[in-house]
Amino acid sequence: SLIETKVDRIWISIDGIGDVHNKIRRHSNAYELTSSAVKKLVALKKNCNSKYPGIVITTVINNLNINNIEDVCNEYCKDYIDEVAIAHNFFYTIDMVNKHNSIYKDGKYFLSKNNASGGDFVNSHDINTDLLNESLNKVLEKFKNYNLRIYPSEIIGKNKIHSYYHEPYKPLNDLKTCSSPWKMPEIHPDGTMKFAWKCFNITTGDLKKNDFLDLWN
């Protein structure tokens, strides 16, 4: 079981409470199923007297849930939840994809336009950054004694939030490169291991056939 394997942490996506989460996930019963799974995991840890796995509730910011961030924190900033993570949306506009592809015209660095963010609630230019800044400031103050984090931590404050969503070409804190491929491997449902798959069409191997450390190194 998850308890016996001592998995360090499980990240569970809760993008809003009730119908907000359901609409984002395009499933009428998504929130009930997910929240029920969280309760079962909490009960299992308690029954086994185990601190593993740590439970992280993560909410990815979009147009639909800015007003729901406090509700998520009210529900899950509890002693039995190890962390609540509010994550800024990692997005690509069509213009960004086109400019990238003008440099990397083919091969493994070429981006499909399907990688670009779109739809009703992930359009970065439609994010109300003033309202988002107010929401984040409110929960950071209200839950300052709880393990509530904003990801990436650099995107905090009115000016930086506005710049991130409306000036996507401007580096954060004058960073010149992205270190994500060296920090976060991504395991896909088919067992393939990739790095920053939205940026690079690179597969390092198959975890069904190879050891994780071999692929990582």
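Whatever comes next refers back to the structure up there.
The notes below deal with the structure included here. (Residues numbered from 1 in each chain as written. Predicted model: local features only at pLDDT ≥ 70, side-chain atom pairs only at ≥ 80, totals over all residues. Heavy atoms only, no water.)

Considerations on the side chain of Asp 15
- When you line up the elements, Asp 15 lands in the loop between strand E1 (9-13) and helix H2 (19-25).
- Among the residues examined, Asp 15 registers a relative accessible area of 3% and is labelled buried.
- A distance of 3.1 Å separates the side chain of Asp 15 from the backbone nitrogen of Val 60, its partner in a polar contact.
- Not counting the four nearest positions on each side in its chain, Asp 15 is found in contact with Val 20, His 21, Ile 24, Arg 25, Thr 58, Thr 59, Val 60 and Asn 65. (Helix = DSSP H or I, 4+ residues; strand = E, 2+ residues; numbered from the N terminus. Buried < 20%, exposed > 50% of the residue type's maximum accessible area, 1.4 Å probe, protein only. Polar contact = N/O pair within 3.5 Å; in protein donor to acceptor, adjacent residues only side chain to side chain. Contact = heavy atoms within 4.5 Å.)

Quick look at the packing of helix H4 (residues 69-76) against helix H6 (residues 129-142)
- The contact between H4 and H6 brings their axes to 9 Å, and the two run at 20°. What the angle tells us is that H4 and H6 run roughly parallel. In the crossing of H4 with H6, the sense of the turn from one axis to the other is right-handed. Taking contact as the criterion, the partners of Ile 69, Glu 70, Cys 73 and Asn 74 in H4 are, on H6, Leu 132, Ser 135, Leu 136, Lys 138, Val 139 and Lys 142.
- Classifying every residue of the contact of H4 with H6 by side-chain character gives five nonpolar, two polar and three charged. (Axes fitted to C-alpha atoms, helices over the stretch in contact; angles between N-to-C directions. Parallel < 35°, antiparallel > 145°, perpendicular 65-115°, else oblique. Left-handed = near helix turned anticlockwise from the far one by under 90°. Nonpolar A, V, L, I, M, F, W, Y, C, P; charged D, E, K, R; others polar.)

Overview of the pattern of salt bridges
- Under the defined criterion, the tally for this structure stands at ten salt bridges.
- The residue Arg 25 makes a salt bridge to Asp 15 at a minimum N-O spacing of 2.6 Å. With Arg 25 in helix H2 and Asp 15 in the loop between E1 and H2, the pair connects residues that are ten residues apart, well separated along the chain.
- When salt bridges that share partners are traced, they join Arg 9, Glu 83 and Arg 149 into one network. (Salt bridge = Lys/Arg side-chain N within 4 Å of Asp/Glu carboxyl O.)

Nothing here speaks to function; it is all geometry.
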